[in-house]
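Working through the structure, step by step
This is what each chain is made of:
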Amino acid sequence: MGRPAAAEVTVIIVSYNTVQLTLKAIATLYANTHETTFDCVVFDNASHDHSAAMIRAAFPQVQVIASNQNIGFAAANNRVAAGCETPYLLLLNPDTETHPGAVDALVRFAKSRPSAGIWGGRTVFADGSLNRASCWATPSLRGLFFRAVGVAALFRETQFVNPEAYAGWQRDSVREVDIVVGCFLLIGRPLWRQLGGFQRKYYMYGEDADLCLRARQMGYRPCITPDAPIIHHVGASTVRDEEKTILVMKARASIIRDHWPEWKVGAGIFLMWLWAALRYLGSRPFAKSRRASADRWRAVWVRRAEWLQGYA
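First, a word on what this report is: a plain description of the structure on this page. The structure displayed is predicted, hence computed values, not measured ones. Throughout this document, residue positions are counted from 1 along each chain, in the order its sequence is written. The predicted origin of the model limits local features to residues at a pLDDT of at least 70 and limits the giving and counting of side-chain atom pairs to 80 or more, whereas totals for whole chains, interfaces and linings rest on all residues. The side-chain values count all of the structure's non-hydrogen atoms but skip hydrogen atoms and water molecules.

1. Brief notes about the pairing of strand 2 (residues 38-45)
Note on exposure labels: buried denotes an accessible area under 20% of the residue type's maximum, exposed denotes more than 50%, and partly exposed covers the range between, all computed with a 1.4 Å probe on protein chains only. To qualify as a helix, a DSSP run of H or I must reach at least 4 residues; to qualify as a strand, a run of E must reach at least 2; elements of each kind are numbered from the N terminus. The element strand 2 is extensively covered by neighbouring structure, given that 7 of its 8 residues are classed as buried. Pairing between strands requires that DSSP locate at least two bridges from one strand to the other. Examined bridge by bridge, strand 1 (residues 9-15) and strand 2 share 7 bridges and lie parallel to one another. Bridge assignment links Ile12 to a residue of strand 2, and that residue is Val41. As defined by bridge partners, strand 2 adjoins strand 3 (residues 63-67) across 5 bridges and the pair is classed as parallel. For Phe43, the partnering residue across the bridge sits in strand 3 and is Ile65.

2. Brief notes about the environment of Val149
Mapped onto the fold, Val149 is located in the loop between helix 5 (141-148) and helix 6 (151-154). A C-alpha to C-alpha distance of 8.1 Å links Val149 and Leu274, two positions 125 residues apart in sequence.

3. Here's the deal with the pattern of salt bridges
Salt bridges are defined by distance alone: a side-chain nitrogen of Lys or Arg within 4 Å of a carboxyl oxygen of Asp or Glu. Applying the stated criterion to the full structure yields 14 salt bridges. The residue Arg216 makes a salt bridge to Asp178 at a minimum N-O spacing of 3.4 Å. In this pair, Arg216 is assigned in helix 8 (residues 207-217) and Asp178 in the loop between strand 9 (175-176) and strand 10 (179-180), connecting sequence segments 38 residues apart. Each member of the pair, Arg216 as well as Asp178, is classed as buried. Among the ionic pairs, Glu306 bridges to Arg303, the shortest N-O distance being 3.0 Å. For Arg303, a relative accessible area of 26% translates into the label partly exposed. One connected set of salt bridges, linked through shared partners, spans Glu176, Asp178, Arg216 and Arg221.

4. Looking at the packing of aromatic side chains
By convention, a stacked pair of Phe, Tyr or Trp rings (six-membered ring in the case of Trp) has centres within 6.5 Å and planes under 30 degrees apart, an edge-to-face pair has planes over 60 apart, and any other such pair is tilted. This structure, assessed with the given rule, holds 12 aromatic pairs. When the centroid spacing of 5.8 Å and the interplanar angle of 90 degrees are considered together, the rings of Tyr166 and Trp169 count as edge-to-face. This pair shows no difference in class: Tyr166 is buried, exactly as Trp169 is. Ring centres 6.0 Å apart and planes at 10 degrees place the aromatic pair Tyr280 and Trp301 in the stacked group. Note that Tyr280 is positioned in helix 10 (residues 262-283) and Trp301 in helix 11 (residues 291-302), a separation of 21 residues in sequence. The buried category is assigned to Tyr280, whose relative accessible area is 18%. The structure contains a cluster of three or more aromatic residues connected by ring pairs, namely Phe270, Trp273, Tyr280 and Trp301.

Below, the structure written as structure tokens:
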């Protein structure tokens, strides 16, 4: 019997208290990937749901790294990637399910379009409806203004009003994008190392945007293909809604501070402040009837000094 072919891709999954979803993610990865040789590494961020033991028992072929502390998404991926030697790295969220042939199609796409440097697929929800969050455009003053004053929510499919969401595009065609989301992100290992991986200050959220924008500054053009679909259940490892919102806001403030011209940063941060202020004021009359939403925006507003500064 000959030696097994060297793996072409290392699939990196960072888990945190998502054991059943993670098991499903791994199962569909192996069941639906036929052409691509790959290794799979799961980095467990100190889960208390027995994730590491259960994954080892169910999938002995998977390398499981059990951390004794939660070091965050960015640092966990960096730690795994540092020991990889495969030509490609595939970042895959634990709350995803790959469709048949999705990874194979994504790798073929990468080989056909090397100038992109970073590649992603099409994400859908469990019911098959489009999940737009496979990619984003760089935040802009226009987009932040329309979101702050609520116009974006009224005209979700209008590109002029929702430029960050690539409004009107169903992710059904190949397209160059600014940001490929890290739930299903393929990158060449040499580029990953050239970029230094994720910036560790992005503890959770925003690290993928920063990575892609730094790659674009080097001349790469990240791309999306509709031929590589996955289900993304979204946000399974973030327990409280207000905590997720605060982390997302903190990441957005960091992207503005790190990637916008200095003369625009103040206006961008003000629009984020305005966005939170209007949501907080708008939720107060409904504090009793819509308690969860009111509590969420109160927490976001009270902690505004924390997230407006971004990641240190």
